[in-house]
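Given next are the chains, with one letter for each unit.
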Amino acid sequence: MSLEQMDKQKRKKVLIINDPLQYGGSDLVAVRLQQHLDPDKFECVYCLRHDEIGPMESQVAQSGVRILHQPDTACSYIKSYFFYKRLLKKEPFDIVHCHLLFYSGIALFAAKRCGVEKRVAHAHFSQPMRKIRNPVIRFIKSLYHVVMRGFVSFVSTDIIGCSQAAGEYLAGRRGFRRKGTVLNNGIVTKQYYLNETVRQNVRASLGLNHKIVLGHCGQLHDVKNQMFLLDVFHSFHRRYENSALILVGDGQDRQQLERRIEQLQLSKCAHILGFRNDVPQLLMAMDCFVFPSIHEGFPLTLVEAQAAQLPCVVSDTITPTVKLTEALQFASIEAQPEEWVKKIETALRIDRHTISRDRVVEDFDRNSFRMASTLQISRKKSALNVPL
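Residues numbered from 1 in each chain as written. Predicted model: local features only at pLDDT ≥ 70, side-chain atom pairs only at ≥ 80, totals over all residues. Heavy atoms only, no water.

## What to know about the overall build of the protein
What the protein contains, in helices and strands, is 15 helices and 15 strands. For a compact globule of 388 residues, the expected C-alpha radius of gyration is about 21 Å, and the protein comes in at 22 Å, within 12% of that figure. The dimensions of the protein, computed from C-alpha atoms along their principal axes, are 70 × 55 × 40 Å. Burial analysis of the protein (388 residues in total) assigns 55% to the buried set. For the protein, the distance from the average position of its 53 positive side-chain charges to the average position of its 39 negative side-chain charges is 7 Å. (Helix = DSSP H or I, 4+ residues; strand = E, 2+ residues; numbered from the N terminus. Rg over C-alpha atoms; globule rule 2.2 N^0.38 Å. Buried < 20%, exposed > 50% of the residue type's maximum accessible area, 1.4 Å probe, protein only. Lys, Arg positive; Asp, Glu negative; His and termini not counted. Charge placed at Lys NZ, Arg CZ, Asp CG, Glu CD.)

Structure (C-alpha coordinates):
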(Lines give C-alpha, C1' and ligand atoms only; values in the text may rest on other atoms or scores of the structure.)
Protein backbone atom coordinates (compact mmCIF):
# COMPACT_ATOMS: atom_id res chain seq x y z
CA MET A 1 0.00 0.00 0.00
CA SER A 2 1.35 3.44 -0.99
CA LEU A 3 1.75 6.33 1.46
CA GLU A 4 -0.96 8.24 -0.42
CA GLN A 5 -3.41 5.35 0.06
CA MET A 6 -2.51 5.13 3.75
CA ASP A 7 -3.13 8.87 4.19
CA LYS A 8 -6.54 8.54 2.53
CA GLN A 9 -7.44 5.71 4.87
CA LYS A 10 -6.55 7.85 7.89
CA ARG A 11 -8.78 10.74 6.81
CA LYS A 12 -12.36 10.98 8.04
CA LYS A 13 -14.81 10.95 5.14
CA VAL A 14 -17.55 13.58 5.45
CA LEU A 15 -20.80 13.83 3.48
CA ILE A 16 -22.19 17.39 3.55
CA ILE A 17 -25.87 17.60 2.59
CA ASN A 18 -27.21 20.96 1.46
CA ASP A 19 -29.31 22.77 -1.13
CA PRO A 20 -27.69 24.25 -4.28
CA LEU A 21 -24.90 26.58 -3.14
CA GLN A 22 -25.85 30.26 -3.21
CA TYR A 23 -23.69 33.23 -2.24
CA GLY A 24 -25.01 33.97 1.22
CA GLY A 25 -26.80 32.69 4.27
CA SER A 26 -26.53 29.10 5.43
CA ASP A 27 -24.92 27.96 2.15
CA LEU A 28 -22.00 30.31 2.72
CA VAL A 29 -21.70 29.11 6.33
CA ALA A 30 -21.63 25.46 5.19
CA VAL A 31 -18.89 26.15 2.65
CA ARG A 32 -16.79 28.23 5.05
CA LEU A 33 -16.95 25.52 7.69
CA GLN A 34 -15.89 22.90 5.15
CA GLN A 35 -13.02 25.07 3.94
CA HIS A 36 -11.91 25.56 7.54
CA LEU A 37 -11.30 21.83 7.96
CA ASP A 38 -7.83 20.35 7.61
CA PRO A 39 -7.80 18.46 4.26
CA ASP A 40 -5.14 16.12 5.69
CA LYS A 41 -7.69 14.95 8.28
CA PHE A 42 -11.02 15.21 6.44
CA GLU A 43 -12.14 14.27 2.94
CA CYS A 44 -15.35 16.18 2.18
CA VAL A 45 -18.03 15.32 -0.40
CA TYR A 46 -21.12 17.47 -1.04
CA CYS A 47 -24.50 16.03 -1.91
CA LEU A 48 -26.76 18.87 -3.04
CA ARG A 49 -30.51 18.48 -3.22
CA HIS A 50 -31.99 19.10 -6.71
CA ASP A 51 -30.40 19.23 -10.16
CA GLU A 52 -29.87 23.00 -10.02
CA ILE A 53 -26.26 24.22 -10.19
CA GLY A 54 -25.85 27.01 -7.64
CA PRO A 55 -23.62 30.03 -8.39
CA MET A 56 -21.05 29.04 -5.75
CA GLU A 57 -20.72 25.42 -6.90
CA SER A 58 -18.00 25.96 -9.51
CA GLN A 59 -15.84 27.78 -6.96
CA VAL A 60 -16.18 24.90 -4.48
CA ALA A 61 -15.51 22.29 -7.17
CA GLN A 62 -12.33 24.08 -8.24
CA SER A 63 -10.95 23.52 -4.73
CA GLY A 64 -10.95 19.79 -5.45
CA VAL A 65 -14.02 18.88 -3.39
CA ARG A 66 -16.30 16.33 -5.04
CA ILE A 67 -19.94 17.36 -5.57
CA LEU A 68 -22.90 15.02 -6.09
CA HIS A 69 -26.50 15.96 -6.83
CA GLN A 70 -29.72 14.41 -5.59
CA PRO A 71 -32.05 14.47 -8.64
CA ASP A 72 -35.29 16.46 -8.55
CA THR A 73 -37.14 13.19 -9.09
CA ALA A 74 -35.74 11.77 -5.82
CA CYS A 75 -36.48 14.63 -3.41
CA SER A 76 -39.68 13.45 -1.71
CA TYR A 77 -39.15 12.21 1.85
CA ILE A 78 -39.58 8.53 0.96
CA LYS A 79 -37.46 8.70 -2.19
CA SER A 80 -34.83 10.74 -0.31
CA TYR A 81 -34.50 8.05 2.34
CA PHE A 82 -33.81 5.35 -0.25
CA PHE A 83 -31.52 7.67 -2.25
CA TYR A 84 -29.27 8.28 0.76
CA LYS A 85 -29.43 4.66 1.85
CA ARG A 86 -28.16 3.55 -1.56
CA LEU A 87 -25.46 6.23 -1.58
CA LEU A 88 -24.19 5.39 1.92
CA LYS A 89 -24.15 1.65 1.23
CA LYS A 90 -22.24 2.19 -1.99
CA GLU A 91 -19.75 4.65 -0.49
CA PRO A 92 -18.99 4.51 3.25
CA PHE A 93 -18.74 7.77 5.22
CA ASP A 94 -17.58 8.41 8.78
CA ILE A 95 -19.68 11.56 9.21
CA VAL A 96 -22.87 12.93 7.65
CA HIS A 97 -23.49 16.64 8.23
CA CYS A 98 -26.90 17.91 7.07
CA HIS A 99 -27.83 21.61 6.81
CA LEU A 100 -31.48 21.12 5.74
CA LEU A 101 -33.50 21.64 8.95
CA PHE A 102 -36.22 18.96 9.44
CA TYR A 103 -35.17 17.23 6.23
CA SER A 104 -32.08 16.29 8.25
CA GLY A 105 -34.21 13.64 9.93
CA ILE A 106 -34.67 11.74 6.67
CA ALA A 107 -31.02 11.89 5.58
CA LEU A 108 -29.68 11.07 9.05
CA PHE A 109 -32.13 8.19 9.49
CA ALA A 110 -30.67 6.63 6.35
CA ALA A 111 -27.18 7.31 7.76
CA LYS A 112 -28.12 5.67 11.06
CA ARG A 113 -29.46 2.58 9.28
CA CYS A 114 -26.22 2.38 7.30
CA GLY A 115 -24.08 2.51 10.44
CA VAL A 116 -22.61 6.02 10.03
CA GLU A 117 -20.94 6.82 13.35
CA LYS A 118 -21.40 10.61 13.46
CA ARG A 119 -24.64 12.19 12.25
CA VAL A 120 -24.83 15.97 12.57
CA ALA A 121 -27.97 18.09 12.09
CA HIS A 122 -27.25 21.81 11.69
CA ALA A 123 -29.92 24.46 12.34
CA HIS A 124 -29.49 27.84 10.67
CA PHE A 125 -32.80 29.52 11.48
CA SER A 126 -35.99 29.36 13.49
CA GLN A 127 -39.39 29.83 11.91
CA PRO A 128 -42.23 31.14 14.08
CA MET A 129 -45.76 30.43 12.85
CA ARG A 130 -47.17 33.81 13.89
CA LYS A 131 -48.31 34.58 10.30
CA ILE A 132 -50.31 31.33 9.90
CA ARG A 133 -53.88 32.31 10.70
CA ASN A 134 -55.70 29.21 9.45
CA PRO A 135 -56.11 27.04 12.59
CA VAL A 136 -56.14 23.75 10.64
CA ILE A 137 -52.91 24.53 8.79
CA ARG A 138 -51.38 25.82 12.01
CA PHE A 139 -52.27 22.58 13.82
CA ILE A 140 -50.89 20.40 11.02
CA LYS A 141 -47.62 22.34 10.92
CA SER A 142 -47.33 22.25 14.71
CA LEU A 143 -47.85 18.48 14.71
CA TYR A 144 -45.28 18.06 11.92
CA HIS A 145 -42.74 20.13 13.86
CA VAL A 146 -43.27 18.15 17.06
CA VAL A 147 -42.85 14.83 15.24
CA MET A 148 -39.79 15.94 13.26
CA ARG A 149 -38.07 17.49 16.29
CA GLY A 150 -38.30 14.18 18.10
CA PHE A 151 -37.18 12.31 14.99
CA VAL A 152 -34.15 14.57 14.34
CA SER A 153 -33.16 14.28 18.00
CA PHE A 154 -33.43 10.48 17.81
CA VAL A 155 -31.43 9.88 14.61
CA SER A 156 -28.66 12.46 15.12
CA THR A 157 -25.62 12.08 17.34
CA ASP A 158 -24.95 15.84 17.43
CA ILE A 159 -27.08 18.92 16.82
CA ILE A 160 -25.59 22.30 15.93
CA GLY A 161 -27.44 25.60 16.16
CA CYS A 162 -26.25 29.00 14.97
CA SER A 163 -28.14 30.20 18.04
CA GLN A 164 -29.92 28.63 21.00
CA ALA A 165 -33.30 29.45 19.42
CA ALA A 166 -32.33 27.82 16.11
CA GLY A 167 -31.08 24.67 17.82
CA GLU A 168 -34.23 24.35 19.93
CA TYR A 169 -36.42 24.96 16.90
CA LEU A 170 -34.80 21.99 15.14
CA ALA A 171 -34.55 19.51 18.01
CA GLY A 172 -36.72 20.89 20.83
CA ARG A 173 -35.41 22.09 24.18
CA ARG A 174 -34.81 18.61 25.56
CA GLY A 175 -33.14 17.31 22.40
CA PHE A 176 -30.88 20.33 22.05
CA ARG A 177 -29.98 20.22 25.73
CA ARG A 178 -28.89 16.57 25.37
CA LYS A 179 -27.07 16.74 22.04
CA GLY A 180 -26.79 20.39 21.10
CA THR A 181 -24.03 22.95 20.72
CA VAL A 182 -24.26 26.60 19.69
CA LEU A 183 -21.67 27.36 17.01
CA ASN A 184 -21.28 30.98 15.98
CA ASN A 185 -21.19 31.79 12.28
CA GLY A 186 -17.60 32.95 11.80
CA ILE A 187 -16.15 35.54 9.44
CA VAL A 188 -12.70 37.00 8.83
CA THR A 189 -13.41 40.28 10.61
CA LYS A 190 -10.36 42.19 9.32
CA GLN A 191 -11.90 42.11 5.82
CA TYR A 192 -14.80 44.24 7.08
CA TYR A 193 -12.92 46.97 8.92
CA LEU A 194 -14.22 50.33 7.67
CA ASN A 195 -11.86 51.84 5.11
CA GLU A 196 -12.84 55.31 3.86
CA THR A 197 -10.89 54.99 0.62
CA VAL A 198 -12.63 51.72 -0.26
CA ARG A 199 -15.98 53.22 0.77
CA GLN A 200 -15.62 56.23 -1.53
CA ASN A 201 -14.35 54.13 -4.46
CA VAL A 202 -17.28 51.71 -4.26
CA ARG A 203 -19.81 54.54 -3.95
CA ALA A 204 -18.29 56.23 -6.99
CA SER A 205 -18.36 53.00 -9.03
CA LEU A 206 -22.08 52.55 -8.25
CA GLY A 207 -22.95 56.21 -8.88
CA LEU A 208 -23.79 56.79 -5.21
CA ASN A 209 -21.63 59.81 -4.42
CA HIS A 210 -23.40 62.29 -2.12
CA LYS A 211 -26.26 59.81 -1.56
CA ILE A 212 -27.75 58.45 1.64
CA VAL A 213 -27.36 54.74 0.96
CA LEU A 214 -29.60 52.18 2.64
CA GLY A 215 -28.49 48.61 2.11
CA HIS A 216 -29.65 45.03 2.46
CA CYS A 217 -28.04 41.62 1.82
CA GLY A 218 -29.91 38.37 1.48
CA GLN A 219 -31.60 35.94 -0.85
CA LEU A 220 -34.61 37.49 -2.58
CA HIS A 221 -37.25 35.42 -0.83
CA ASP A 222 -40.50 36.24 0.95
CA VAL A 223 -39.08 35.30 4.38
CA LYS A 224 -36.60 38.18 3.97
CA ASN A 225 -39.58 40.56 3.65
CA GLN A 226 -38.01 42.69 0.91
CA MET A 227 -41.41 43.86 -0.37
CA PHE A 228 -41.86 45.60 2.98
CA LEU A 229 -38.31 46.93 2.69
CA LEU A 230 -39.28 48.62 -0.58
CA ASP A 231 -42.26 50.23 1.16
CA VAL A 232 -39.94 51.49 3.91
CA PHE A 233 -37.53 52.92 1.35
CA HIS A 234 -40.41 54.52 -0.56
CA SER A 235 -41.41 56.39 2.61
CA PHE A 236 -37.77 57.29 3.31
CA HIS A 237 -37.14 58.51 -0.25
CA ARG A 238 -40.12 60.88 -0.10
CA ARG A 239 -38.32 62.67 2.76
CA TYR A 240 -34.79 62.32 1.39
CA GLU A 241 -34.68 62.56 -2.39
CA ASN A 242 -30.89 62.12 -2.39
CA SER A 243 -31.23 58.56 -1.05
CA ALA A 244 -30.62 55.20 -2.67
CA LEU A 245 -31.28 51.55 -1.82
CA ILE A 246 -29.04 48.65 -2.83
CA LEU A 247 -30.13 45.03 -2.43
CA VAL A 248 -27.31 42.50 -2.61
CA GLY A 249 -28.53 39.04 -3.52
CA ASP A 250 -30.74 37.11 -5.91
CA GLY A 251 -33.55 34.61 -5.72
CA GLN A 252 -37.04 33.58 -6.68
CA ASP A 253 -38.65 36.93 -5.82
CA ARG A 254 -36.40 39.07 -8.03
CA GLN A 255 -38.92 39.72 -10.84
CA GLN A 256 -41.66 40.48 -8.35
CA LEU A 257 -39.40 42.96 -6.56
CA GLU A 258 -38.34 44.57 -9.83
CA ARG A 259 -42.00 45.09 -10.75
CA ARG A 260 -42.65 46.63 -7.34
CA ILE A 261 -39.71 49.00 -7.80
CA GLU A 262 -41.26 50.18 -11.08
CA GLN A 263 -44.70 50.57 -9.50
CA LEU A 264 -43.23 52.77 -6.75
CA GLN A 265 -41.26 54.76 -9.37
CA LEU A 266 -37.97 53.94 -7.66
CA SER A 267 -36.10 52.57 -10.69
CA LYS A 268 -33.49 55.34 -10.57
CA CYS A 269 -32.66 54.92 -6.90
CA ALA A 270 -33.38 51.28 -5.89
CA HIS A 271 -30.96 48.74 -7.34
CA ILE A 272 -30.79 44.93 -7.14
CA LEU A 273 -27.13 44.00 -7.53
CA GLY A 274 -27.48 40.20 -7.59
CA PHE A 275 -24.96 37.85 -6.03
CA ARG A 276 -21.64 39.57 -5.31
CA ASN A 277 -18.26 38.46 -4.01
CA ASP A 278 -17.36 41.94 -2.68
CA VAL A 279 -19.85 42.10 0.19
CA PRO A 280 -17.37 43.61 2.71
CA GLN A 281 -16.70 46.53 0.35
CA LEU A 282 -20.42 47.01 -0.37
CA LEU A 283 -21.16 47.14 3.35
CA MET A 284 -18.56 49.88 3.71
CA ALA A 285 -20.35 51.86 0.98
CA MET A 286 -23.70 51.78 2.84
CA ASP A 287 -24.88 54.25 5.47
CA CYS A 288 -27.51 52.07 7.17
CA PHE A 289 -28.33 48.36 6.95
CA VAL A 290 -32.05 47.48 6.93
CA PHE A 291 -33.11 43.87 7.60
CA PRO A 292 -36.87 43.27 8.08
CA SER A 293 -36.87 39.44 7.97
CA ILE A 294 -39.96 37.55 9.07
CA HIS A 295 -37.77 34.86 10.65
CA GLU A 296 -34.08 34.02 10.98
CA GLY A 297 -31.74 32.01 13.18
CA PHE A 298 -28.57 34.03 13.73
CA PRO A 299 -28.08 35.86 10.41
CA LEU A 300 -24.51 35.85 9.16
CA THR A 301 -25.20 39.03 7.22
CA LEU A 302 -25.86 40.92 10.47
CA VAL A 303 -22.52 39.74 11.84
CA GLU A 304 -20.91 41.06 8.66
CA ALA A 305 -22.76 44.38 8.80
CA GLN A 306 -21.74 44.99 12.41
CA ALA A 307 -18.15 43.99 11.61
CA ALA A 308 -18.25 46.80 9.04
CA GLN A 309 -19.30 49.24 11.80
CA LEU A 310 -22.61 49.78 10.03
CA PRO A 311 -25.71 51.03 11.89
CA CYS A 312 -28.50 48.45 11.54
CA VAL A 313 -32.29 48.48 11.82
CA VAL A 314 -33.65 44.93 12.02
CA SER A 315 -36.95 43.19 12.71
CA ASP A 316 -37.89 42.22 16.23
CA THR A 317 -38.46 38.61 15.14
CA ILE A 318 -34.69 38.06 15.15
CA THR A 319 -33.00 36.80 18.31
CA PRO A 320 -31.88 39.64 20.64
CA THR A 321 -28.44 38.01 20.87
CA VAL A 322 -27.72 39.29 17.35
CA LYS A 323 -27.10 42.74 18.86
CA LEU A 324 -23.29 42.91 18.94
CA THR A 325 -22.86 46.70 18.78
CA GLU A 326 -24.73 49.64 20.25
CA ALA A 327 -25.66 50.70 16.71
CA LEU A 328 -28.17 47.90 16.07
CA GLN A 329 -31.84 48.75 16.69
CA PHE A 330 -34.89 46.53 16.60
CA ALA A 331 -38.15 47.57 14.94
CA SER A 332 -41.52 45.85 15.09
CA ILE A 333 -42.31 43.67 12.11
CA GLU A 334 -45.93 44.79 12.55
CA ALA A 335 -45.10 48.52 12.47
CA GLN A 336 -45.88 50.85 9.58
CA PRO A 337 -43.02 51.86 7.23
CA GLU A 338 -42.95 55.35 8.81
CA GLU A 339 -41.91 53.83 12.14
CA TRP A 340 -38.97 52.11 10.43
CA VAL A 341 -38.04 55.42 8.79
CA LYS A 342 -37.77 57.02 12.23
CA LYS A 343 -35.42 54.23 13.36
CA ILE A 344 -33.32 54.69 10.23
CA GLU A 345 -33.08 58.43 10.87
CA THR A 346 -31.79 57.70 14.37
CA ALA A 347 -29.26 55.22 12.97
CA LEU A 348 -27.96 57.74 10.44
CA ARG A 349 -26.99 60.14 13.25
CA ILE A 350 -24.43 57.63 14.55
CA ASP A 351 -20.77 58.20 13.67
CA ARG A 352 -19.67 54.81 12.29
CA HIS A 353 -16.08 55.34 13.37
CA THR A 354 -17.19 55.35 17.02
CA ILE A 355 -18.89 51.93 16.80
CA SER A 356 -16.92 49.27 18.67
CA ARG A 357 -16.27 45.96 16.90
CA ASP A 358 -14.87 44.27 20.00
CA ARG A 359 -17.70 41.76 20.52
CA VAL A 360 -17.80 40.84 16.84
CA VAL A 361 -14.06 40.14 16.78
CA GLU A 362 -14.09 38.28 20.08
CA ASP A 363 -17.04 35.99 19.32
CA PHE A 364 -17.10 35.65 15.54
CA ASP A 365 -13.61 35.99 14.08
CA ARG A 366 -13.07 32.77 12.16
CA ASN A 367 -9.31 32.99 12.53
CA SER A 368 -9.34 33.59 16.28
CA PHE A 369 -8.46 30.91 18.81
CA ARG A 370 -12.00 30.96 20.06
CA MET A 371 -13.53 30.11 16.69
CA ALA A 372 -10.88 27.53 15.87
CA SER A 373 -11.30 25.83 19.22
CA THR A 374 -15.03 25.47 18.59
CA LEU A 375 -14.21 22.73 16.13
CA GLN A 376 -13.15 20.54 19.06
CA ILE A 377 -16.12 20.82 21.41
CA SER A 378 -16.49 18.59 24.45
CA ARG A 379 -19.68 17.91 26.34
CA LYS A 380 -20.30 16.08 29.57
CA LYS A 381 -21.68 13.02 27.84
CA SER A 382 -19.48 12.78 24.77
CA ALA A 383 -16.75 14.47 22.79
CA LEU A 384 -17.80 16.13 19.57
CA ASN A 385 -14.82 15.55 17.28
CA VAL A 386 -16.63 16.26 14.03
CA PRO A 387 -16.54 18.99 11.39
CA LEU A 388 -19.19 21.52 12.30
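## Section: the packing of aromatic side chains
Throughout the structure, instances matching the rule amount to 11 aromatic pairs. Between the aromatic rings of Phe102 and Tyr144, the centroid separation amounts to 5.8 Å while the plane-to-plane angle is 80 degrees, which identifies the pairing as edge-to-face. With a gap of 42 residues between them, Phe102 in the loop between strand S4 (95–98) and helix H5 (104–113) and Tyr144 in helix H6 (residues 135–155) connect regions that are remote in the sequence. Members of the aromatic cluster, connected to one another through ring pairs, are Tyr81, Phe82, Phe109 and Phe151. Stacked on the ring of Tyr103, the Lys or Arg Arg49 has its end atom at 4.3 Å from the ring centre. Across the ring face of Phe154, the terminal group of Lys112 is positioned such that the distance to the ring centre comes to 5.0 Å. (Phe/Tyr/Trp six-rings, centres within 6.5 Å; stacked < 30°, edge-to-face > 60°. Lys NZ or Arg CZ within 6 Å of the ring centre and 35° of its normal.)

## Concerning the sheet that holds strand S9 (residues 243–248)
Judged by pairing direction, the sheet is parallel, and its six strands sit side by side in the order S10-S9-S8-S11-S12-S13 without closing on themselves. Two strands lie at the open edges of the sheet, namely strand S10 (270–274) and strand S13 (328–331), each paired on one side alone. Neighbour-to-neighbour, the strand axes of the sheet open up by a mean angle of 25 degrees, direction not taken into account. In this structure, S9 lies alongside S10, joined through four bridges in parallel fashion. Its bridge partner lying in S10, Leu247 is registered against Ile272. (Pairing = 2+ DSSP bridges. Axes fitted to C-alpha atoms, helices over the stretch in contact; angles between N-to-C directions.)

## What about the environment of Ala110?
With respect to the helices, strands and loops of the structure, Ala110 is situated in helix H5. Accessibility expressed as a relative area gives 0% for Ala110, which makes it buried. Separated by 23 residues in sequence, Ala110 and Leu87 place their C-alpha atoms 9.5 Å apart. Apart from the residues within four sequence positions on either side, Ala110 is in contact with Tyr81, Tyr84, Lys85 and Leu88. (Contact = heavy atoms within 4.5 Å.)

## Here's the deal with the pairing of strand S3 (residues 66–70)
Relative to S3, strand S2 (residues 42–49) is paired through five bridges, and the arrangement is parallel. By the bridge assignment for S3, Arg49 is matched with Gln70. In the classification by handedness, the crossover that spans S2, the intervening helix H3 (residues 57–62) and the parallel S3 is right-handed. (Right-handed = clockwise from strand over helix to strand, strands pointing away.)

## A closer look at the pairing of strand S5 (residues 118–123)
Most of S5 sits inside the fold, with six of its six residues counted as buried. With burial as the criterion, each face of S5 is covered, one bearing Lys118, Val120 and His122 and the other bearing Arg119, Ala121 and Ala123. As paired strands, S4 and S5 are joined by four bridges and run parallel to one another. Among the inter-strand pairings, Val96 is bridged to a residue of S5, identified as Arg119. Between the parallel pair S4 and S5, the chain is carried across by H5, and the sense of this crossover is right-handed. Pairing between S5 and strand S6 (residues 158–161): four bridges, direction parallel.

## A look at the pattern of salt bridges
For the structure on display, the rule yields 19 salt bridges. Glu168 serves as the salt-bridge partner of Arg173, at 3.8 Å between the closest nitrogen and oxygen. Judged by relative accessible area, which is 24%, Glu168 ranks as partly exposed. When the shortest N-O distance is used, the salt bridge between Glu339 and Lys342 registers 3.5 Å. Taken as a pair, Glu339 and Lys342 lie in helix H13 (residues 337–348) at a separation of three residues, close to a single helical turn. Overall, Glu339 belongs to the partly exposed group, its relative accessible area being 40%. Counted as one network, the salt bridges with shared partners bring together Glu196, Arg199, Arg203 and Asp287. (Salt bridge = Lys/Arg side-chain N within 4 Å of Asp/Glu carboxyl O.)

## Let's talk about the sheet that holds S3
Pairing within the open sheet is parallel, and its seven strands lie in the order S3-S2-S1-S4-S5-S6-S7. Each end of this open sheet is capped by a strand with a single partner; those strands are S3 and strand S7 (180–182). Shown here is a sheet whose adjacent strand axes are inclined to one another by a mean of 20 degrees, direction ignored.

## A short note on the side chain of Gln34
The residue Gln34 is located in helix H2 (residues 25–36) in this model. Given a relative accessible area of 9%, Gln34 falls into the buried group. In terms of polar contacts, Gln34 uses its side chain to reach the side chain of Tyr46, at 2.9 Å. Once residues within four sequence positions are removed from consideration, Gln34 is found in contact with Ile16, Cys44, Tyr46, Val60 and Val65. (Polar contact = N/O pair within 3.5 Å; in protein donor to acceptor, adjacent residues only side chain to side chain.)

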